[in-house]
Structures are given as C-alpha cells and as structure tokens.
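Notes for the structure review
Each chain, written out:
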There are 2 protein chains.
Amino acid sequence: MKELYSHTFKDTFVNINGEICSADNAKISVFDRGFLYGDSIYEVTYGEDYHLIFLQEHLERLYHSASLLNMTIFLSKQTITEEILKTAKASKLKDLYLRIILTRGETEISLDPNKSTHNNFIIIAKPKTIHPPEYYRKGLSLFIPNILRNDIQATNPNAKSGNYLNNVMAMNEAKKNDADDAIMINQKGDITEGTTFNVWSIKDGHIYTPPVSSGLLRGITREKIIEICKDNQLSFEIKSLSQNELLDSDEVFICSSTRGIMPVYKINHHIYGNDINDWKITKKLMGLYKDKIRIDTKGHFYYGQ
Amino acid sequence: MKELYSHTFKDTFVNINGEICSADNAKISVFDRGFLYGDSIYEVTYGEDYHLIFLQEHLERLYHSASLLNMTIFLSKQTITEEILKTAKASKLKDLYLRIILTRGETEISLDPNKSTHNNFIIIAKPKTIHPPEYYRKGLSLFIPNILRNDIQATNPNAKSGNYLNNVMAMNEAKKNDADDAIMINQKGDITEGTTFNVWSIKDGHIYTPPVSSGLLRGITREKIIEICKDNQLSFEIKSLSQNELLDSDEVFICSSTRGIMPVYKINHHIYGNDINDWKITKKLMGLYKDKIRIDTKGHFYYGQ
C-alpha cells in the first residue's frame, strides 16, 4: 500500500471538494453514495503541453450523464471548470491524466437518490498514462467475452457512471484468454463497445461504428472521428454490427480519450494483419486525428504558469 | 454535512481494516476500486439483543459473491468474524444495523481486477433501522418501473456488489410514482426482486417466489421462509412469475434481512386489501419467521459485554 502511493501515485494531486491534497491523503467518506452504490458519474481526459483536451465536451457529457441518472449537480459549470484548471495547474504536469468524479454525496443509508443534498466532487491529476508504443504500431488483441454489456433498459452504458463491474468482469475474461482487453456484445449479439473505448470496423473501404442505441457510451473521440470522416468525405456509416460482421472486418480500431486511435491486430482467433502498414485507413485516421487535436485544442484550457 | 454525522450517524461505529472510528472519521481512499468502479461486495445483517442474526449465512453469501466476481478475499473467515464481533461489541448497541463491505482495494487506475493485492474491509455498526410499524400492519405500496433489472448475463444480481445504480434508479422511478419502493422485471417480463428485497406471491392458498435464474439475489430471509414452508407443509413453489401473475395475487409480501417479512397492500394500481388481517397467509408466515429467528439464533454470535 505504501509502495502504491510512493510509486504509482507519485506526482498525483487530488482535489476533494476544492481542497488539493496528495494521493495518500485523498480520502472520501465510506457513506459517500459513490462508495456504497457506485452512485457517481465521471469523465477522463488529459492535458497535453499544458492544454486540457476537449474539456468542454467532457463537461457537457458529465452533465448528460447526470441528467440520465437524475443527478443534481449543485456546482456551477464555471466552478467545476475553475477547480479542474486549479488542480491541473497545481500538478505542474505538462502532460497529465485527469479524472473528474461527481457523486451524489453522503446521505443516510438509503437507495433513494432524492435524499441527496450535495455532491462530492473529486479531481485526480496524475502523469499522463503512457500506452505502450507497440500498441500503435502492432495493434491490440481483443476478446469478445461471454459476459454481455449492461442493457440500455437496465443500466444505460451511455451514462458514464461509477458502476463499472460489468466492464471489470469483461476485462477479467479477456485477460484470462490472453487478450489485452474486451469488446462486449448486447442481448441481440450486436457489438456495443470495449471496456473503456468505442469500436470501429473497416470493410471494403467503408468505415463503420455501432450506434449509441446498441448500448454504448457516446465517446468524445468517436464524435471527433465522425467529424473527421465527414470533413474528409470518407465513406462512413453508423450502423449496428453483428459479432460476425466485426470479425469479418478488413481493419478494426478502437478509440478513447486517453488512447486516441489504436489499431487492433486480433479479435478472438481472427487476425487482421501484422502492423500499421497493413491498416491503411486506420493509419490515415490516426494522422487526421492527431492533426485535429492540435488544431481544435490550440489555446484552449491552458493550465501553464 | 456536519448535521448528517451528528444526527443520522450518531452512535455509528466504523471499522476500517481493523481500526474502529466514528462515522465522520470513516474514510477510504478515492483510489479504492469500490469507489472508482463499485468493485466491492457487501452484506447487511443486524443485531438483536446482542446477537448477530444469521451471520454465518451472510458470511457464506459474502464468499459466494466474491466467487461470482472472481474476487480474492485475503482475510480468513475467522478474522472477518472476529472483526465483526469486535465492531458490534465496541458499539455497545443492543440492537444494531451491520454492514460489511469488502473491496478489491486500491490498485493503479485500471479495470483489470487481477492487479488487486489486498482488500479494504469496512464494517459499519449503527442503531438498528426502525421500519415504520404501519408498514407491518397496513403494508407497503410498490411500483414496477420501466427500468429493467440488470441481466444475469451482464451484471448478475446474485452477486451482492457495489453496483447498485440499477436499484437506485428503480427506487427513483418508484418515488416519482408515489410508491414506497420498486419491484423490477427482467427482459422476459418476469418478476425478479425489489431494490433491496425478495418478492412473494400468494394465490389460491399457494405460496410462490421466483427462482434465482429470473435474475435476483438469493436472499437469506427468502431461504429461511422456504425452510419454514417446508417445515410446516405449506403449499410452496419456486416458479417464474410474470408481471400479470404477480399483480393477480391474493396476497403479496416482501422479505429482507433488516425487514423480515413485510406485507404489500398495493402494486401499481392493484390493491390487495386494507391491513394485515386481510392477508392470512402472510400474517401466519410473519409469526413463524419471528419464531424461527428466536430459535435459530439463540446463543449465536453474542456481542454483549
């Protein structure tokens, strides 16, 4: 435990309801509803060269998650933004990982969310996660587990909440099958999303990604890639994908805020190629996405001194 | 917040990894997987006249939840039992509410549960929840919400975990419809369970409750009532119940560890009667259950001085 904080959470700063502390002091009441029930929402973004990437979009999605869960946000968007920038600034990290968590606070022990009178608001800033560079060159191996994605009518995956056991268990199944991560299907057998990313398929030059109605989070990187496809007149369609349609792709890639675009070389026993040079459209999109970040985020949400 | 701790959590004692503290000092790291992902399991029981009720059964179920979630419990059952008794004893509460929470501890921020090397173990002891006596006399009003119970193939309700948003949202829908609580159905339209209780139907003198395969927690009180039915040669069957079958019952009751057996006077717009005298079989079971607790728990898990 001590090692965890001195190594893994070295240079980590946590803002708890406005107070900034080190990782080992970052504590929350056991009566917080986020701890008791996973009754919380969150966002993850990152900072690059002292700029927070697509923070506006992440804040909009935070509010969208809150509305799907009928969660009152007692803080103004301005306060939230200021606290985020304050935390990023305090970290002095040029490139950082940023996690924003908002819970329904402490109440008496009762499921009833209407008892909530305040939020607990936590911001974690730590050095940016370095994904292994070979993942971008050689691709990821993914696995489609037996466990299904939470159904949209039960626990809607489009609300980014503190209920992540479904994803934890999918990841567990993937690891037991020697894969890097998992893609989940829904009750119908259609592709939904990965444990922390959206999924894309390329077939005969056309680019596909499943609709939110399949049961997935409307990823911010996913939205940006949709814009890129439109702006560059690439053949693109949002469409349900059966498991077999995905497996039968020419190229597969995933996307998320912290990863950007990452190619996939394998799903279950299907191999899609050897390296990035085999995945022409994925490679092209990776370049376009990097350009887009550079252009769209220039001068926004600066947290340098 | 201050009021919450001085009023609601007055006389509340929390054991965190062996250290007992007051409610306002009971804190856990924001990096705990229970807080980040709801990656935790729990049990709730209570103490009556300095005896912990059915603690053995609750501990067995805790281990069962852990096995369903592939969670390693790094503590021995003996240590857990000793810590529970220590906490109950320290509270000096003759009648108490007891919550036991076990998480996969702190890890680096990653869904992969295999990174877990320890648990965080929390025990909350507080004065026993007093359910309004009129609920036992006049019954509860329940509502079947639009939100479905988590599917057994996605997030199995038979693992009692920290992922309770599904239940929170069902409760929310019930409250918005002026009901006391919610009963959820599954994808097929069959009855599963309430937000924190199992459900029973009585029709033409026969007693029914849905099977675990409908998507519900194997309640300990439910098991005890099954024993009572068998021991008393009551006509009883575990069988899937459609929504209409439940609505069409002569009597409906719910059961949970903290409530025991509680009658239901209304589901949606269906009224089952006026008071306990209208629900003969429920009333009989309530008596038999009280006897059973008294007999079965005598001398077990004593925490008096």
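The shown structure was predicted, so the numbers you read here are calculated from the model rather than taken from an experiment. (Residues numbered from 1 in each chain as written. Chains lettered and ligands numbered in written order. Predicted model: local features only at pLDDT ≥ 70, side-chain atom pairs only at ≥ 80, totals over all residues. Heavy atoms only, no water.)

Here we take up the sheet that holds strand 4 (residues 40–48) of chain B. Sheet architecture is open: six strands sit in the order 2-1-7-6-4-5 (chain B), paired in antiparallel fashion. Two strands lie at the open edges of the sheet, namely strand 2 (19–22) and strand 5 (51–52) of chain B, each paired on one side alone. (Pairing = 2+ DSSP bridges. Helix = DSSP H or I, 4+ residues; strand = E, 2+ residues; numbered from the N terminus.)

Now for the pattern of salt bridges. A side chain with one charge can pair with a side chain of the opposite charge if their charged atoms come near. All names here are of chain A. Scanning the model with the defined rule gives 34 salt bridges over all chains in all. Taking the shortest distance from any N to any O, the salt bridge between Lys 115 and Glu 108 comes out at 3.5 Å. Accessibility expressed as a relative area gives 34% for Lys 115, which makes it partly exposed. The class of Glu 108 is partly exposed, set by a relative accessible area of 37%. Where Lys 292 meets Glu 227, a salt bridge forms, and the shortest distance between an N and an O atom there is 2.8 Å. (Salt bridge = Lys/Arg side-chain N within 4 Å of Asp/Glu carboxyl O. Buried < 20%, exposed > 50% of the residue type's maximum accessible area, 1.4 Å probe, protein only.)

The next thing to look at is the sheet that holds strand 5 (residues 51–52) of chain A. Residue and element names in this part refer to chain A. Strand order in this open sheet of six strands is 2-1-7-6-4-5, and the pairing throughout is antiparallel. The outermost strands of the open sheet, each flanked by one partner alone, are strand 2 (19–22) and strand 5. Where strand 1 (residues 13–16) and strand 7 (residues 120–127) come together, four bridges link them in antiparallel fashion. Note that in strand 7 the partner of Asn 15 across the bridge is Ile 123. The sheet strands contacting helix 4 (residues 77–91) are strand 1, strand 2, strand 5, strand 6 (96–103) and strand 7, and the helix crosses strand 7 at an angle near 30°. (Contact = heavy atoms within 4.5 Å. Axes fitted to C-alpha atoms, helices over the stretch in contact; angles between N-to-C directions.)

If you look at the interface, chain A gives 68 residues, while chain B gives 68 residues. Across the chain A/chain B interface, buried area totals approximately 5400 Å², and carbon plus sulfur atoms make up 67% of it. The three residues of chain A that bury the most area against chain B are A:Phe35, A:Leu111 and A:Leu165, which together make up 13% of that side's buried surface. Run the count over chain A and chain B and you get 23 residue pairs in polar contact (both at pLDDT 80 or more). The biggest single contributor to the side of chain A that touches chain B is helix 6 (residues 165–176) of chain A, with nine residues. Across three bridges, strand 3 (residues 27–29) of chain A lies against strand 3 (residues 27–29) of chain B in antiparallel orientation. (Buried area = accessible area lost by both parts, 1.4 Å probe. Polar contact = N/O pair within 3.5 Å; in protein donor to acceptor, adjacent residues only side chain to side chain.)

Below, the discussion takes up the relation of the copies chain A and chain B. Mapping chain A onto chain B calls for a rotation angle of 180° and an axial translation of 0.0 Å; the resulting RMSD is 0.0 Å. Between the two chains, the operation in question is that of a two-fold axis. Most of the interface of chain A is mirrored in chain B: 100% of its interface residues are interface residues there too. (Least-squares fit on C-alpha atoms with pLDDT ≥ 70 in both.)

With respect to the element layout, B:Arg99 can be found in strand 6 (residues 96–103). The side chain of B:Arg99 is buried and forms no salt bridge, while B:Glu43, the nearest opposite charge, is found at 10 Å. Polar side-chain contacts of B:Arg99 include one of 2.9 Å to the side chain of B:Tyr97. Once you skip the residues sitting within four places of it in the chain, B:Arg99 turns out to touch A:Leu36, A:Tyr37, A:Ile109, B:Tyr42, B:Glu43, B:Val44, B:Ile122, B:Ile123 and B:Ile124. (Lys, Arg positive; Asp, Glu negative; His and termini not counted.)

For the rest of this paragraph, the subject is the state of the cysteines. Per the stated rule, a full pass over the model turns up zero disulfides over all chains. The closest cysteine sulfur to the non-disulfide-bonded A:Cys21 is located on B:Cys21, 18 Å from its own sulfur. Cysteine B:Cys255 remains unbridged, with the sulfur of B:Cys229 as its closest cysteine sulfur at 10 Å. Residue class for B:Cys255 comes out buried when judged on its relative accessible area of 1%. (Disulfide = S-S within 2.5 Å.)

Let's shift gears to the pairing of strand 11 (residues 198–203) of chain B. All names here are of chain B. Within strand 11, five of the six residues are buried, which leaves it mostly tucked inside the rest of the structure. Pairing of strand 11 with strand 14 (residues 251–256) involves five bridges; the strand directions are antiparallel. If you follow Trp 200 over to strand 14, its bridge partner there is Phe 253. Counting the residues that bridge the hairpin from strand 11 to strand 12 (residues 206–209) gives two residues, and of these Asp 204 lies at a positive phi of roughly 50°.

Let us now look at unusual backbone geometry. For A:Gln233, which is not glycine, the phi dihedral falls at a positive 50°. Note on placement: A:Gln233 falls in the loop between helix 7 (220–231) and strand 13 (236–238). Classification of A:Gln233 by relative accessible area gives exposed; the value is 69%. The phi angle at B:Tyr50 is positive, at roughly 65°, despite the residue not being glycine. The topology assignment puts B:Tyr50 in the loop between strand 4 and strand 5. On the accessibility criterion, B:Tyr50 (25% relative accessible area) is partly exposed.

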